[in-house]
Structures are given as C-alpha cells and as structure tokens.
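Each chain, written out:
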Amino acid sequence: MAIRNVVKEGDPILRKHCREVTEVNDRIRTTMEDMLETMRRELGVGIAGPQVGVMRRMFVAEPEPGVVFYMINPVITEKEGSQTGEEGCLSVPGLVGTVERPQKIKMTATDLDGVTHDYEFEDFYARVMCHEYDHLDGILYTDKAENIHAPAADDEEGEE
C-alpha cells in the first residue's frame, strides 16, 4: 500500500464527474487500499477517488474505527428526513461548515470482490456516505455549507 497525495480545493479535478468502474480488478483494489491508508494518515473518515486524482466512481469510508466500506459505483436509491451538522474535508483543509444532509439513505454499491450490496445508512453514517458520493459528481461540501469557518482548537471530529 502507498500514501497518495490528497488533491486540494482549486484543482479542477475535484469539479469533474467520475466515470464508472468497469471491472473490479487488482488495480482498483490496490487503489482503494491506498485510499484507506491515505485517509487514515490524514485522520479522515472518508475519501473519494478524485481526492487522490482517480476519476472513477469509488470511495472508501470509515465512519467509526474498524468499520470500513469500499464503495464502487455507488448509487443513492432513497433519501429520507434531514439532519444538519458540521463537516470538513481532506481536500479543503483547515475549514468546517454546517451542511444539511438526509437523515437516512439507501445505497447500492459494489465491494472489492465485485459483489453488489444494498445498504441503509442513518445519522453520521449517512452524512459520510453523502459527502463522499458528492465528490464523485464534482461537488464539495463547501457548495452546500453555511457558516464556513476554522474549527475550534478542541474540535477532534474527523474530516471526510
């Protein structure tokens, strides 16, 4: 595995739509393992392909330690309710903002073995998945956020 460079806001790659993954192969698996290692090194809870310069519809999320989701060609099939909370992003370092997201979502995605699964996520998990999913369509949380500011010194919540 290898640490990858995280693409920062201002790089046009973050504003592009990603292409589908056509085959889950060793290259995709290695890339996703690299993404996980990079995300953990940066103390994030999620990272999407374009954040490491890979224009494919895939992301890795770890909403709590040891609970890892490898999401390839994800599709949000249902959204329900509303929640508002603070978010940050590895591609927008040093800032957080308040974002409204669905309270619950249903999503389908393929895993590292090429198997497609149906998922239901609520609360923080839903927030993380929606944040990473947006990256695949060139959307940053700052596009939706209010009250963007530097976090308080004691704010330890991970950035997506």
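Analysis parameters
- Residues numbered from 1 in each chain as written.
- Predicted model: local features only at pLDDT ≥ 70, side-chain atom pairs only at ≥ 80, totals over all residues.
- Heavy atoms only, no water.
- Pairing = 2+ DSSP bridges.
- Helix = DSSP H or I, 4+ residues; strand = E, 2+ residues; numbered from the N terminus.
- Axes fitted to C-alpha atoms, helices over the stretch in contact; angles between N-to-C directions.
- Contact = heavy atoms within 4.5 Å.
- Disulfide = S-S within 2.5 Å.
- Buried < 20%, exposed > 50% of the residue type's maximum accessible area, 1.4 Å probe, protein only.

### A short note on the sheet that holds strand β1 (residues 46–48)
So, step 1. What the five strands build is an open sheet, ordered β1-β2-β3-β6-β7; its pairing is antiparallel. Each edge of the sheet is formed by a strand with only one pairing partner; in this case those strands are β1 and β7 (116–122). Each strand of the sheet is rotated relative to its neighbour by a mean of 40°, with strand direction disregarded.
So, step 2. Pairing geometry for strand β6 (residues 104–110) and β7, over seven bridges, is antiparallel. Directly across from K106, in β7, lies its bridge partner E120.
So, step 3. On the sheet, helix α1 (residues 26–41) packs against β1, β2 (58–64) and β3 (67–80) and is oriented at approximately 40° with respect to β2.
So, step 4. Its contacts with the sheet place helix α2 (residues 123–135) against β1, β2, β3, β6 and β7, and it is angled at close to 160° to β2.

### Some words on the side chain of T142
So, step 1. Positionally, T142 belongs in the loop between α2 and β8 (146–149).
So, step 2. Leaving out residues up to four positions away in the same chain, T142 has contacts with E9, V92 and I148.

### Regarding the state of the cysteines
Here a disulfide denotes one covalent bond, and it connects the sulfur atoms of two cysteines.
So, step 1. The full count for this structure, using the stated rule, is zero disulfides.
So, step 2. Of all cysteine sulfurs, the one in C89 lies closest to C18, which takes part in no disulfide; the gap is 13 Å.
So, step 3. Judged by its relative accessible area of 8%, C18 falls in the buried class.
So, step 4. Of the cysteine sulfurs around C130, a residue in no disulfide, the closest is that of C89, at 14 Å.

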